[in-house]
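Tertiary structure, described
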Amino acid sequence: MSIDARLAELGITLPAAAAPVAAYVPAVEVNGLLHISGQIALKDGQLMTGRLGEDRDLDYGVEAARACGLNLIAQMKAALGGDLNRVERIVKLGAFIASAPGFTDQPKVANGASELMVAVFGEAGKHARSAVGVPVLPLGAAVEIDAIVQVRPAA
C-alpha cells in the first residue's frame, strides 16, 4: 500500500509544508538521509502554545506532538517531490517540549509524534528518539520536533 493510501485510510490530510521562519531551509538530503528542521506545533494553521505542566496538560502536549509529526511528514513529502514512498525508515525524532520545572512526562508527549510515524509508515516508522524539556520554544510553541529520515534514491 502506498503511503498516500495509508494516510487516506487513516483519515489524515497533510497540512501544507511550512515555510522557514528564519535563516534555514526546511530539509537537507545528504547521503540518503533527509534531515528535517524542527517543526513547531501548528494545527489547522494555528500555533499550539504554552508550557506543559504550567498552562497546558499532557493531552494537549500529545496533540501538539502529533501536529508536529504531521508537519514533519508534510516536509518529507515536499522534500521528496511528493513521493512519500521514498521514505525507507524514520531514523530519529528529536522532541523538545516547553515544560514547567516539575513536568517530567516529556516521553509521553513525544509519543504523539512517535505513534503517528508507526501508524503511517509501519515498521519503517519505528525510530530512535530523544524527548527533552526546555523552558521556552520559538514563538511560544508548546512542542517542536525535528527528524532524520532514511530515503531511497529518486526513480
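Above this text you will find the structure in question.
Residues numbered from 1 in each chain as written. Predicted model: local features only at pLDDT ≥ 70, side-chain atom pairs only at ≥ 80, totals over all residues. Heavy atoms only, no water.

One turn of the α-helix equals 3.6 residues, which is why residues spaced by three or four share an orientation. Between its first and last C-alpha, helix α2 (residues 58–79) extends 31 Å over 22 residues, near the 32 Å set by a 1.5 Å rise per residue. One or two positions beyond α2, positive phi appears at Gly81, with a value near 65°. (Helix = DSSP H or I, 4+ residues; strand = E, 2+ residues; numbered from the N terminus. Expected span 1.5 Å × (residues − 1).)

Among the surface-exposed residues, Val21, Tyr24 and Leu139 lie close enough to one another that they form a single nonpolar patch of about 320 Å² accessible area. Within the secondary structure, Tyr24 sits in the loop between α1 (3–9) and β1 (27–30). Of the residues examined, Tyr24 reaches a relative accessible area of 35% and is grouped as partly exposed. (Patch = residues over 30% accessible without salt bridge, like charges linked within 9 Å, V, L, I, M, F, W, Y side chains within 5 Å. Areas by Shrake-Rupley, 256 points an atom, 1.4 Å probe, with all protein chains shown as cover. Salt bridge = Lys/Arg side-chain N within 4 Å of Asp/Glu carboxyl O. Buried < 20%, exposed > 50% of the residue type's maximum accessible area, 1.4 Å probe, protein only.)

Packed helices, taken two at a time, are described by their axes: the angle between them and the distance between them. In the contact formed by α2 and helix α3 (residues 106–121), the axes pass within 7 Å of each other and the chain directions differ by 40°. Put simply, α2 runs oblique to α3. Considering how the two elements wind past one another, α2 and α3 form a crossing that is right-handed. Residues Leu58, Gly61, Val62, Ala65, Arg66, Gly69, Leu70, Leu72, Ile73 and Met76 of α2 form the contact with α3, whose participating residues are Lys108, Val109, Ala110, Gly112, Ala113, Leu116, Met117, Val120 and Phe121. Here the contact of α2 with α3 is composed, by residue class, of 14 nonpolar, three polar and two charged. (Axes fitted to C-alpha atoms, helices over the stretch in contact; angles between N-to-C directions. Parallel < 35°, antiparallel > 145°, perpendicular 65-115°, else oblique. Left-handed = near helix turned anticlockwise from the far one by under 90°. Contact = heavy atoms within 4.5 Å. Nonpolar A, V, L, I, M, F, W, Y, C, P; charged D, E, K, R; others polar.)

Moving on to the sheet that holds strand β2 (residues 33–40). Spatially, the five strands line up as an open sheet ordered β1-β2-β7-β5-β6, and their pairing is mixed. The open sheet has two free edges, formed respectively by β1 and β6 (128–134), since each of these has just one partner strand. Neighbour-to-neighbour, the strand axes of the sheet open up by a mean angle of 15°, direction not taken into account. As defined by bridge partners, β1 adjoins β2 across four bridges and the pair is classed as antiparallel. Each residue of the ladder has a partner; that of Val30, found in β2, is Leu33. Each of β1, β2, β5 (87–98) and β7 (143–151) touches α2; the most contacted strand, β2, lies at about 140° to it. (Pairing = 2+ DSSP bridges.)

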